[in-house]
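Single-letter residue listing:
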Amino acid sequence: MGRIPVESASATEIVVEGKRLTGFGGCNYLGLAHHPEVLNAVKAGLDRYGLSTTASRETTGDTTSHDSLETELATFLQAEQCLVTPEGYSANLALGQALARDYRVAITDEKSHRSVSHAVTAAGMRVIAYPHLDARAAGALAGEYVREGVVILTDGVFAADGSIAPAKALFDVLPKGRALLVIDDCHGFCVLGRSGRGTADHHGLTSAGVPLDSRVVLTTSLAKGLGCYGGALAGPSSIIQVAQDIASVYRGTTPAPPAIIEGSRQALKVVARDPMLIQKLRSNTDRLRRGLHKLGISLYPTPAPIFTFVTGDFPSMERIHRRLVSEGYLAPLIAYPGGPSDQYFRVTVNAMHSAEQIDGLLAAFGRAIDSEPTVKAGLGAEAKPLKFSEGRADGRTGTRELIGPWDLSLTPVFSPRLPA
Ligand SMILES: Cc1ncc(COP(=O)(O)O)c(C=O)c1O
């Protein structure tokens, strides 16, 4: 339940069960998964390397492409060193293994991605969740545990509500001594900051000529904004080199295929070179936001291209969803904790959507809402901003300790729905 098997895809359209839909889901924020230069780089990489290195990078599976991408990512993110890992998930696991040597306590946002909580619990650290976005609570906890070595962990942009971590405030509350800030920037990389440098840059933790502070570590996926596949961690050599030296999830696995790494290198060049792409993402985000507001839909106040909202009770949302699909639009209806309700729409827009596609989705939403008198009456004329603290699906919030490596209760699986 939950999978939507796609038969073919472009940056803005998918074919499902033979039906062509304009897609407003996924995380291909800049459309780079379909960019011609990126695809050509992958094709050239296939001719050069074949499909797989068939071995760990630490034995015979390293390539100059992987090494170059690490240097290029470190330069882009203004970090001392970078390590490319098989996925974003394993970037967090590798970092967890590296951190656990010197840091015993992890203080993590209660809405952090499951790979973040998995990484620190599996590494054997004591893990305490703090209320969503609450830098003061994070700082107070960090102060309590600094003698044991403490790490504050947060997503840069949270996938469920589009909220942006208060990265500067989290950095400022780091206690003196053995304390680090980790930002999982899977959804901020290629989206926020100068040329998509991400959440840290958005909050001024890096700027032109100002490198990333040695107490900040970034992790990211290469499969979202960059449109490719793989993961990376970037930060001070004293941490990144430890991950390279000891993290079994990196040392004992085959890396992302070199052709895909060539694609990532090209995608990074496009992002760094073409500020118009991010401008287009931002103007598309504004267009969709304005249109949803006009329909009376309440949204979280975020500049991220992620829109999560409810329009009424679940049966009526299912009917709206079904109607949108019948009109040729996929606006995913999902069940995932951390949004405004148990089930809600999670719509994303990307830089490749045309104004017509966005307006088409809005018009279809308008017709679907008009066909539901109770929903229409409930939405009213004026949209009110949602509060980020609202909407934990399990009703729990606040500081609490995660009990062990498999306490992943904070973030159960993402479950999209397509009408039967
Ligand atoms: C915040 C966050 N961290 C980590 C990951 C894992 O990245 P990947 O899919 O590259 O393993 C994801 C999504 O998949 C994510 O949303």
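Along each chain, residue indices are assigned from 1 in the same order as the chain's sequence is written. Owing to the predicted nature of the model, reporting of local features is limited to residues with pLDDT of at least 70; listing and counting of side-chain atom pairs is limited to 80 or more, with chain, interface and lining totals taken over all residues.

> What is the right way to look at the overall build of the chain in this model?
When you go through the chain residue by residue, the secondary structure sums to 14 helices and 16 strands. Considered along the principal axes of its C-alpha atoms, the chain spans approximately 60 × 55 × 40 Å. Whether a residue is buried, exposed or partly exposed is read from the other C-beta atoms within 10 Å of its own C-beta, which are placed from the backbone; 20 or more gives buried, 12 or fewer gives exposed, and intermediate counts give partly exposed. In the chain, which comprises 420 residues, the proportion classed as buried is 53%. Residues are treated as contacting if the C-beta atoms built from their backbones sit within 7 Å of each other. Within the chain, counting contacts between residues at least 6 apart in sequence, those at least 24 apart form 75% of the total. Helix numbering and strand numbering both begin at the N terminus, where a helix is a DSSP run of H or I of at least 4 residues and a strand a DSSP run of E of at least 2.

> Sorry if this is basic, but what is going on with the nonpolar core here?
For soluble globular proteins, the rule of thumb is that nonpolar side chains tend to be buried together. L233 and A243 are the most contacted members of the largest nonpolar core, which has 132 residues in total. Counting residues per element, this core draws most heavily on helix α3 (residues 88-99), at seven residues. Domains are outlined according to an automatic or database domain assignment. When residues of this core are assigned to domains, at least three map to each of domain 1 (8-33 + 275-379) and domain 2 (36-273 + 396-405). Once you skip the residues sitting within four places of it in the chain, A243 turns out to touch L83, A94, L95, Q97, A98, L233 and Y250. Structurally, a nonpolar core is described as a collection of buried Ala, Val, Leu, Ile, Met, Phe, Trp, Tyr and Cys residues joined by way of C-beta atoms within 7 Å.

> Just checking my understanding: could you explain the site of the ligand for this structure?
The environment of the ligand is made up of 13 residues, and the closest members are E87, G88, Y89, H113 and S221. Nonpolar residues are Ala, Val, Leu, Ile, Met, Phe, Trp, Tyr, Cys and Pro. Charged residues are Asp, Glu, Lys and Arg, and all others, Gly as well, are polar. For the shell around the ligand, the per-class residue count stands at four nonpolar, six polar and three charged. Any residue whose C-beta atom, as placed from the backbone, lies within 6 Å of a molecule or strand is termed near it.

> Is there a simple way to explain the sheet that holds strand β1 (residues 8-9) in this structure?
Picture the strands of a sheet paired through backbone hydrogen bonds; they go either parallel or antiparallel. Only strands joined by at least two bridges in the DSSP assignment are considered to pair. One open sheet accounts for four strands, arranged β1-β2-β3-β12; its pairing is mixed. Among the strands making up the open sheet, the edge pair consists of β1 and β12 (329-330). Note: β1 against strand β2 (residues 13-16), two bridges, orientation antiparallel. When the sheet's bridge partners are listed, S8 is paired in β2 with V15.

> Would you explain the environment of F345 in this entry?
Considering the arrangement of structural elements, one finds F345 in strand β14 (residues 343-348). Considered as a pair, F345 and I334 are eleven residues apart in the sequence and their alpha carbons are 6.1 Å apart. Non-local contacts of F345, meaning those with residues more than four positions away in its chain, are made with T308, F309, M317, A331, P332 and L333.

> Sorry if this is basic, but what is going on with helix α8 (residues 237-246) here?
Note that an α-helix has 3.6 residues per turn; residues three or four places apart therefore point the same way. Taken together, the buried positions of α8 are occupied by I239, I240, V242, A243 and Q244. In this fold, the buried residues of α8 make contact with β4 (81-85), α3, β9 (216-221), β10 (231-235) and α9 (248-251).

> What is the right way to look at the pairing of β10 in this model?
Successive residues of a regular strand alternate their side chains across the two faces of the sheet. For β10, the buried fraction is high: five of the five residues fall into the buried class. The two faces of β10 match: G231, L233 and G235 on one face and A232 and A234 on the other face are all buried. Relative to β10, β4 runs antiparallel, the two sharing five bridges. Each bridged residue has a counterpart across the sheet, and for T85 the counterpart in β10 is G231. With four bridges joining them, β9 and β10 adopt antiparallel strand pairing.

> So what exactly am I meant to see when it comes to the domain arrangement of the chain here?
In many reports, interface size means the accessible area that the parts give up when they come together. Domain boundaries in the chain define domain 1 (8-33 + 275-379) and domain 2 (36-273 + 396-405). A C-alpha centroid distance of 28 Å is found between domain 1 and domain 2. Counting residues at the interface gives 21 residues for domain 1 and 22 residues for domain 2. If you list the elements that add at least two residues to the side of domain 1 that touches domain 2, you get α11 (275-294) and β11 (306-309). Here the residues of the side of domain 1 that touches domain 2 sort into 16 nonpolar, five polar and no charged.

> Help me understand the confidence of the model for the chain in this model?
Close inspection of predicted coordinates is inappropriate in any region flagged by low pLDDT. The predicted model of the chain averages 92 in pLDDT, with 92% of residues at 70 or higher. Every residue is assigned a pLDDT by the predictor, reflecting its confidence on a scale from 0 to 100. Below a pLDDT of 50 lies the segment residues 408-414, which in the model reaches 15 contacts outside its immediate sequence neighbourhood of four places, other chains included.

> How should I be thinking about the packing of helix α12 (residues 314-326) against helix α13 (residues 355-370) in this particular structure?
Packed helix pairs are characterised by how far apart their axes lie and by the angle those axes make with each other. In this description, a line fitted to the C-alpha atoms serves as the axis of each element, helices being fitted only across the stretch in contact, and the angle between N-to-C directions of two axes falls anywhere from 0 to 180 degrees. Their axes nearest at 9 Å, the elements α12 and α13 cross at an angle of 135 degrees. Of the possible angle classes, the one that applies to α12 and α13 is oblique. Taken as a pair, α12 and α13 cross one another with a handedness that is right-handed. Touching I320, R323 and L324 of α12 are A364, F365, A368 and I369, all from α13. When its residues are assigned to classes, the contact of α12 with α13 shows six nonpolar, no polar and one charged. With respect to orientation, any angle under 35 degrees is reported as roughly parallel, any angle over 145 as roughly antiparallel, any angle of 65 to 115 as roughly perpendicular, and every other angle as oblique. Two helices crossing with the near one rotated counterclockwise from the far one by less than a right angle form a left-handed crossing, whereas a clockwise rotation gives a right-handed crossing.

> What is the right way to look at unusual backbone geometry in this model?
For residues besides glycine, phi is generally negative; the peptide bonds are generally trans as well. With a phi angle near 45 degrees, E17 is a residue other than glycine that sits in the positive phi range. Among the structural elements, E17 can be located in the loop between β2 and β3 (19-23). We note that T54 has phi near 60 degrees; this positive angle belongs to a residue other than glycine. Mapped onto the secondary structure, T54 falls in the loop between α1 (36-49) and α2 (64-77).

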